[in-house]
Amino acid sequence: MARLSMSAICVLIFIGDIAKADNNFLTGANDIIAVVDEDGDIKASPFNVQFGKKDIWLPRSGHVVSLEVNEKDVPVGMVLDNEGQAYFPTLKSDGSSNRQYRFWSALLGMGNPSPKHRTNSATSSQLSRFGLQMGSNPILYRVTTSSGSIVTTSAVIHLMNNTAKLVVSDIDGTVTRSNIRGMILPALGLSDWKHDGVVELYRKIANQGYQIVYLTNRAIGQSDMTREYIYSLAETPYEMPRGPVLLQVESLLGAFQTEVIKGQPEVNKIAALSRVKGLFPENPLFSGFGNKAWDILAYKALNINPDMIFNVGEDSILISEGTGIPTNYTNLIDRVSFMYPLLDV
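Residues numbered from 1 in each chain as written. Predicted model: local features only at pLDDT ≥ 70, side-chain atom pairs only at ≥ 80, totals over all residues. Heavy atoms only, no water.

### Here we look at the sheet that holds strand 9 (residues 135-144)
As a reminder, the rule being used: Strands are treated as partners if at least two bridges between them are detected by DSSP. Working definition: helices are DSSP H or I runs of at least four residues, strands are E runs of at least two. Numbering for both runs from the N terminus.
The strand order across the open sheet built from eight strands is 3-2-10-9-5-6-7-8, with neighbouring strands paired in mixed fashion. Two strands close off the open sheet at either side, each with one partner strand: strand 3 (42-44) and strand 8 (118-119). Examined bridge by bridge, strand 6 (residues 72-80) and strand 7 (residues 86-89) share two bridges and lie antiparallel to one another. The residue of strand 7 that forms the bridge with V79 is Y87.

### Here we look at helix 9 (residues 293-301)
To keep things clear, this is the line we draw: Per-residue accessibility, obtained with a 1.4 Å probe over protein chains only, is compared with the maximum for each type, and a residue is labelled buried under 20%, exposed over 50%, and partly exposed between these values.
Every buried residue of helix 9 is accounted for by W294, D295, I296, A298 and Y299. Positioned one or two residues after helix 9, N303 has a phi angle of 65°, which is positive.

### Quick word on the side chain of H63
To keep things clear, this is the line we draw: Polar contacts, as counted here, are pairs of nitrogen or oxygen atoms within 3.5 Å of one another; within protein the pair requires one atom able to donate a hydrogen and one able to accept it, and residues that are adjacent in sequence qualify only if both atoms are side-chain atoms.
Among the secondary structure elements, H63 is positioned in the loop between strand 4 (49-50) and strand 5 (64-69). Owing to a relative accessible area of 1%, H63 belongs among the buried residues under this scheme. A distance of 3.2 Å separates a polar atom in the side chain of H63 from the backbone oxygen of R60.

### What to know about the sheet that holds strand 15 (residues 245-248)
Sheet strands pair by backbone hydrogen bonding; their relative direction is either parallel or antiparallel. Put simply, the rule is: To define axes, lines are fitted to C-alpha atoms, for helices over the stretch in contact only, and angles between the resulting N-to-C directions are given on a 0 to 180 degree scale. Whether two residues are in contact is decided by their heavy atoms: any pair within 4.5 Å suffices.
One open sheet accounts for seven strands, arranged 15-12-11-16-17-18-19; its pairing is mixed. In the strand order of this sheet, the two ends are held by strand 15 and strand 19 (326-328), each with one partner. Going across the sheet, the axis of each strand differs from the next one's by a mean of 25°, ignoring polarity. Sheet analysis places strand 17 (residues 309-312) next to strand 18 (residues 317-320), joined by three bridges and oriented antiparallel. Paired with N311 across the strands is I319, a residue of strand 18. Along the sheet face, helix 8 (residues 266-277) touches strand 11 (166-169), strand 12 (211-219), strand 15 and strand 16 (285-290) and points at about 145° away from the line of strand 12. Each of strand 11, strand 16 and strand 17 touches helix 9; the most contacted strand, strand 17, lies at about 175° to it.

### Digging into the pattern of salt bridges
In plain terms, the rule: Between Lys or Arg on one side and Asp or Glu on the other, a salt bridge is scored when a side-chain nitrogen of the former is within 4 Å of a carboxyl oxygen of the latter.
Summed over the entire model, instances satisfying the criterion amount to 13 salt bridges. Between K194 and E235 there is a salt bridge whose closest N-O contact spans 2.9 Å. One end of the pair, K194, is in the loop between helix 4 (179-184) and helix 5 (198-207); the other, E235, is in strand 13 (residues 234-235), and 41 residues separate them in sequence. For the pair K194 and E235, a shared accessibility class is recorded, and that class is buried. We note a salt bridge from K300 to E321, for which the minimum N-O separation is 3.2 Å. Here E321 lies in the loop between strand 18 and strand 19 and K300 lies in helix 9, a separation of 21 residues in the sequence. The exposure class of K300 is partly exposed, given its relative accessible area of 41%. A single salt-bridge network, built from bridges that share partners, covers D31, D224 and R227.

### Here's the deal with the pairing of strand 10 (residues 150-161)
Here five bridges tie strand 2 (residues 32-36) to strand 10, and the two strands are oriented parallel to one another. When the sheet's bridge partners are listed, V36 is paired in strand 10 with N161. In terms of strand pairing, strand 9 meets strand 10 through 10 bridges, oriented antiparallel. If you follow I139 over to strand 10, its bridge partner there is A155.

### Digging into the packing of helix 8 against helix 9
Going by this rule: Roughly parallel refers to an angle under 35 degrees, roughly antiparallel to one over 145, roughly perpendicular to one between 65 and 115, and oblique to any angle outside these ranges. Left-handed describes a crossing whose near helix is turned anticlockwise from the far helix by less than a right angle; the clockwise case is right-handed. Any residue outside Ala, Val, Leu, Ile, Met, Phe, Trp, Tyr, Cys, Pro, Asp, Glu, Lys and Arg is labelled polar, Gly included; the first ten of those are nonpolar and the last four are charged.
Contact pair helix 8 / helix 9: the axes reach a minimum separation of 9 Å and the direction vectors enclose 30°. Relative to helix 9, helix 8 is oriented roughly parallel. In this structure, helix 8 meets helix 9 at a crossing whose hand is right-handed. In this structure, helix 8 contributes E266, K269, I270 and L273 to the contact, and helix 9 contributes W294, D295, L297, A298, Y299 and A301. Classifying every residue of the contact of helix 8 with helix 9 gives seven nonpolar, no polar and three charged.

### What to know about helix 8
Convention followed: To estimate how far a helix should extend, the number of its residues minus one is multiplied by 1.5 Å. This arc is built from the directions going out from the helix axis to the C-beta atoms.
Here helix 8 contains 12 residues, and its C-alpha end-to-end distance of 16 Å stays within 8% of the 16 Å for a straight helix at 1.5 Å per residue. Those residues of helix 8 that fall on the buried side of the exposure criterion are E266, K269, L273 and V276. The arc that holds the buried residues of helix 8, viewed along the axis, is 90°, so those residues lie on one side. Next to the buried residues of helix 8 lie strand 2, strand 11, strand 12, strand 15, strand 16 and helix 9.

### Quick look at the environment of I296
Note on placement: I296 falls in helix 9. In this structure the C-alpha to C-alpha distance between I296 and P306, which are 10 residues apart in sequence, comes to 8.8 Å. Sequence-distant contacts of I296, defined by excluding residues within four places in its chain, comprise I309, F310, N311 and E321.

### Concerning the packing of aromatic side chains
Spelled out, the test is: Between the rings of Phe, Tyr and Trp (Trp by its six-membered ring), a pair exists once the centres lie within 6.5 Å; its type follows the angle of the planes, with under 30 degrees stacked, over 60 edge-to-face, and the other angles tilted.
According to the stated counting rule, one finds seven aromatic pairs in the structure shown. Considering the side-chain rings of Y210 and Y340, the 5.5 Å spacing of their centres and the 80° angle between planes classify their relative orientation as edge-to-face. Taken together, the residues Y210 in the loop between helix 5 and strand 12 and Y340 in the segment after helix 11 (336-339) connect sequence positions 130 residues apart. In this pair, the class of Y210 matches that of Y340, namely buried. Each residue in the set F47, F88 and F130 is aromatic and connected to the rest through ring pairs, giving one cluster.

Set out below in structure tokens:
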């Protein structure tokens with residue numbers, strides 16, 4: 001155990017060194033929740049995507065980002081700012097981007113547009129060109145640098161009806177048994193640090209027609225690792241249900257400080273869930289699982305029924321925020337059909 005602690009310390013030091021070198025060192029992208037209404041119009045959560053200096057060492061401002069959805073190019077593009085964050089230019093009415101990269105403008109920090117000329121939200125018109133299908137739609141972001149190299153990152157657009165019901169789950173300390181170990185152990189190749197029963201519970205909730213949303217204050221540069229970890233979890237014969245994975249849009253060290261050191265992630269989580277809630281005509285947030293007071297605060301702020309908010313302890317005991325009654329995964333699994341009535345999907 002002492003050796004594990006030393007390894008964990010080394011990882012923390014490595015994280016700190018990365019963050020000091022560049023706040024946006026890593027590349028990654030959030031999944032996207034897209035909602036279609038009765039008229040076929042689509043709204044979506046922000047397209048948060050970042051290309052880090054690990055992959056593009058040149059000044060990043062002005063690089064064009066091409067999009068591919070369901071393995072097909074789409075006539076909608078994005079552009080990178082000087083921090084490697086992608087945005088949709090708002091000056092072009094067709095939503096496409098034919099800008100050319102200018103090295104000196106990027107180097108001198110002159111490539112960023114005014115905030116009013118950029119957005120990370122796609123319009124309904126742009127989304128209509130994506131060829132989205134109900135369910136999961138893989139999206140690939142591709143940048144060809146001025147040196148000729150091609151850099152990509154991927155995510156998933158989850159298209160659902162505007163009557164969908166969402167169950168929100170934190171990851172570290174909720175799916176995993178500890179905030180700190182849950183963030184560090186997967187980096188060490190020790191990924192089975194989950195609560196026994198969480199996979200079966202979430203799978204059976206999903207089988208009732210509910211969409212699981214994984215909300216975490218891990219940094220967006222950890223998106224690939226986080227998805228791989230979540231979807232690698234299994235409890236025979238159950239596998240973790242697929243769902244949107246939403247991470248924090250900041251540096252690796254900044255995300256760690258927010259979640260573990262400062263302990264103030266509720267603002268980020270409330271903001272992210274508010275954007276999701278705004279896509280629906282009625283509150284889609286049906287239930288929430290967390291392990292810290294700020295998780296519970298965020299869920300209550302978004303008007304989730306307190307009886308359906310569960311505070312998960314490291315000992316795998318869950319306490320209902322509304323009733324205060326402790327329970328366990330076995331009990332919840334047995335009562336899934338009662339607590340999560342079957343939806344007509």
